[in-house]
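Structural characterization, general
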Amino acid sequence: YLYIHLIHNVKLKNTTKPAIIHTENTCVVLSMELITLMNPILALLVLLFVVPKMYNALIILVWQPFVLTRRFKKQGISGPRYRFLYGNIDEINKMKIESHLSILDPNSNDIFPRIFPHYQQWMTLYGDTFLYWNGTEPMLCISDLELVKQILSNKSGFFVKSKIRPEFFKLVGMKGFAFVEDVDWVRHRRILNPAFSIDRLKVMTKVMVECTLRVLDKWSNVKREQKMEMNREFRRLTADIIATAAFGSSYNEGIEVFRTQEELKKCTFLRLRIFISGSLNRKMKNSVKKVVDSRLASKQDYGDDLLGIMLKSCESERNERKLSIEEIIDEWKTFFFGGYETNSNLLTWTTMLLSLHQDWQEKLRHEIFEECGKDKTPDSDTFSKLKLLIKCLLVVQMNMVFLESLRLYGPVSYFSRDATKDLTLGHLKIPKGTTIVFPLMKMHSDKAVWGSDADKFNPLRFENGVSRAASHPNALLAFSMGPRACIGQNFTMIEAKVVLTMILQRFRLSLSGEYKHAPVDHLTLTPQYGLPVMLQPL
């Protein structure tokens, strides 16, 4: 309309100036009138777009923290002051950096202040239940075992796995068993259960023995006392075991997956740019897909290991019994990471404790020689025999040692759940969107629950079973509890027993003078400077 109006006015002037001048004037006038007309429209559009965004930002950044802080304060719950946008992230990072510079006494198991210095400080100031802020996300820390039991046992869907950073999904798989919810979780659980049956575990035990023998063969050149970096050795061994037992792939075939997952873990911990871990994710996905495609191309029975069971589900005509290829790849990531990362740390910390406590190392060795002999290789029948003789103190000592190791140095330092609606938990009213954190490390060393020697290594506390080891029957939560308890806990315990049995048959362990006691939470609890141990052949 403006264009026609301007051209009409120019023609009526009937001027003798060159046409190009008219064109320039027309453009200038047109531009000015357009700008004059468009400025209010643009301003209105900007307001319509920006104001709602600003309003939402104000609610999230200012109003919500203010309201939630008041709601919890009325219930007697306080915590560190919320800081605009960042919450308490800066002070958490500062305290962690300072604590990671410290080195602990190797005989001290009081590692909670080093791992979670912020929790230690806030519990001293505000009590065991307190509110803090991860950016703009409200985090409620709870140590009450009865409340934790209610949350972990809940089947209503009101407490779901907490949101995690996108790069962590690349590490363990967004569609893996650990993070799916509701009907998807039920479907995955139904498909995966057979892979961890007693019969399958017996078959896997033989694989564990074979993989461990390969490592011990490499150690056979140790003729006198020699230093060995055990954390690195256990990582390679447990990666080999999970790759072979669950996926029918040797460590050599799966080494690309292992190395890429290690790099991804570093990226996740260091919070590097997502595009870096994205390229690693594609690399790992391609490595996993190569193994999957190889099994699919065999055109034979897919096998009855974990990968075979998942591939068979692809051919099911019933959706509730079916996994997609993408889900299978993510399950591989989940179980591969869980199978070597947590298991290697259990073996690492148990070895550290036995190297310190030579009396318990000798007790276990005596048990092994009694049941397995000095040279006999343990198999599934050997461990079945140990189960049948559970009433005998000597037979259960290895299990007691592992349980005590899980209590003091559990691979997972905390659990968390998100409240999906406003709800009441015991005497607490918890608003929707609140993340509830359970500091397992603190709960596992609570003297009110475990007794005055809670910070000491004392496997005998499990002499009468897990449920009687503390004042609360569910005090040990290393494998969680309820419907989402760890599906692979039997696999983990059998693997740990096989590996430790075969090592103690051949070597005496003692800590190297180079060992620095510095546990750190890098997604799982690991020794910051490794675990150098002196191996002495028997």
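Residues numbered from 1 in each chain as written. Predicted model: local features only at pLDDT ≥ 70, side-chain atom pairs only at ≥ 80, totals over all residues. Heavy atoms only, no water.

Below, the discussion takes up the overall build of the protein. Tallying secondary structure elements over the protein gives 20 helices and twelve strands in all. Each of the 538 residues in the protein was classed as buried or not, and the buried ones make up 49%. Look at the contacts in the protein between residues 6 or more apart in sequence, and 74% of them connect residues 24 or more apart. As presented, the protein carries roughly 26,900 Å² of accessible surface, and 56% of it is formed by carbon and sulfur atoms. (Helix = DSSP H or I, 4+ residues; strand = E, 2+ residues; numbered from the N terminus. Buried < 20%, exposed > 50% of the residue type's maximum accessible area, 1.4 Å probe, protein only. Contact = heavy atoms within 4.5 Å. Areas by Shrake-Rupley, 256 points an atom, 1.4 Å probe, with all protein chains shown as cover.)

With burial as the criterion, each face of strand 8 (residues 435–438) is covered, one bearing T435 and V437 and the other bearing I436 and F438. Bridge count between strand 2 (residues 137–141) and strand 8: three bridges; the pairing is parallel. The residue bridging M139 from the neighbouring strand is T435, located in strand 8. Examined bridge by bridge, strand 5 (residues 415–419) and strand 8 share four bridges and lie antiparallel to one another. What sits directly across from R417, in strand 8, is I436. (Pairing = 2+ DSSP bridges.)

Here the focus is the packing of helix 15 (residues 358–372) against helix 20 (residues 489–504). One way to put it is that helix 15 packs onto helix 20 with a least axis distance of 10 Å and a crossing angle of 95°. Relative to helix 20, helix 15 is oriented roughly perpendicular. Note on element contacts: helix 20 touches helix 15 through L500, T501 and L504, opposite Q361, L364, R365, I368 and C372. Residue classes in the contact of helix 15 with helix 20 are distributed as five nonpolar, two polar and one charged. (Axes fitted to C-alpha atoms, helices over the stretch in contact; angles between N-to-C directions. Parallel < 35°, antiparallel > 145°, perpendicular 65-115°, else oblique. Nonpolar A, V, L, I, M, F, W, Y, C, P; charged D, E, K, R; others polar.)

Moving on: the sheet that holds strand 2. Strands sit in the order 1-2-8-5-3 across an open sheet of five strands; the sheet is mixed. Only two strands of the sheet have a single neighbouring strand rather than two, namely strand 1 (130–134) and strand 3 (159–161). For this sheet, the mean inter-axis angle between neighbouring strands, taken without regard to orientation, is 35°. Against the sheet, helix 5 (residues 117–126) makes contact with strand 1, strand 2 and strand 8, and its axis sits at roughly 140° relative to strand 1, the strand it touches most.

What follows covers the packing of aromatic side chains. Inspection of every chain in the model, using the stated rule, returns 20 aromatic pairs. Residues Y82 and W133 carry aromatic rings whose centres are separated by 5.2 Å and whose planes lie at 65° to one another, so their mutual orientation is edge-to-face. One end of the pair, Y82, is in the loop between helix 2 (19–74) and helix 3 (89–99); the other, W133, is in strand 1, with 51 residues separating them in the sequence. As far as the burial class goes, Y82 and W133 line up, both buried. For the ring pair F112 and F116, a centre distance of 5.9 Å and an interplane angle of 55° mean the geometry is tilted. Judged by relative accessible area, F112 falls into the buried class, the value being 2%. Owing to a relative accessible area of 3%, F116 belongs among the buried residues under this scheme. (Phe/Tyr/Trp six-rings, centres within 6.5 Å; stacked < 30°, edge-to-face > 60°.)

What follows is about the sheet that holds strand 9 (residues 507–511). The three strands are arranged 4-12-9 in an open sheet whose pairing can be described as antiparallel. Two strands lie at the open edges of the sheet, namely strand 4 (226–229) and strand 9, each paired on one side alone. Strand-to-strand twist in this sheet, taken as the mean axis angle between neighbours without regard to direction, amounts to 40°. Pairing geometry for strand 9 and strand 12 (residues 532–537), over five bridges, is antiparallel. Considered in strand 12, the bridge of L509 is made with L535. Strands in contact with helix 10 (residues 230–247) are strand 4 and strand 12; relative to strand 4, the strand with the most contacts, it is inclined by about 55°.

In this section: the nonpolar core. By size, the foremost hydrophobic cluster in this structure holds 144 residues, and its most contacted members are F247 and F336. Broken down by element, this core gets its largest block of residues, 13 residues, from helix 14 (residues 325–356). (Core = buried A, V, L, I, M, F, W, Y, C linked by side-chain atoms within 4.5 Å.)

Think of an α-helix as 3.6 residues a turn; residues three or four steps apart then line up on the same face. Among all positions in helix 3, only I92, M95 and S99 are buried. Within helix 3, the buried residues cover an arc of 70° as seen down the axis, which keeps them to one side. Turned more than 90 degrees away from the buried face of helix 3 sit D90, K94 and I97, all of them exposed. Packed against the buried residues of helix 3 are helix 4 (112–115), helix 5 and strand 1. (Arc of directions from axis to C-beta.)

Once that is clear, we can look at the side chain of S344. Positionally, S344 belongs in helix 14. From its side chain, S344 meets the backbone oxygen of E341 in a polar contact 3.0 Å long. With residues near it in sequence (within four places) discarded, S344 still touches F234, R235 and T238. (Polar contact = N/O pair within 3.5 Å; in protein donor to acceptor, adjacent residues only side chain to side chain.)

For L85, which is not a glycine, the phi torsion comes out positive at approximately 70°. Mapping L85 onto the fold places it in the loop between helix 2 and helix 3. The class for L85 is partly exposed, based on a relative accessible area of 39%. Even without a glycine there, the phi angle at S480 is positive, about 65°. Using a relative accessible area of 14% as the deciding quantity, one classes S480 as buried.

Confidence in the prediction for the protein averages 84 pLDDT; 84% of positions are at 70 or higher. Low pLDDT, under 50, characterises residues 1–22; the stretch is placed with 14 contacts to residues that sit more than four places away or in other chains. Every residue in residues 386–395 is under pLDDT 50, and counting partners more than four places away or in other chains gives twelve contacts. (pLDDT = per-residue confidence, 0-100.)

Okay, the pairing of strand 1 next. Both faces of the sheet carry side chains from a regular strand, because those side chains alternate between them. Summarising burial for strand 1: four of the five residues are buried, a large majority. Strand direction decides the pairing type here: strand 1 and strand 2, joined by five bridges, are antiparallel. Its bridge partner lying in strand 2, N134 is registered against E137. The hairpin formed by strand 1 and strand 2 contains two residues between the paired strands, and G135 there has a positive phi angle of roughly 70°.

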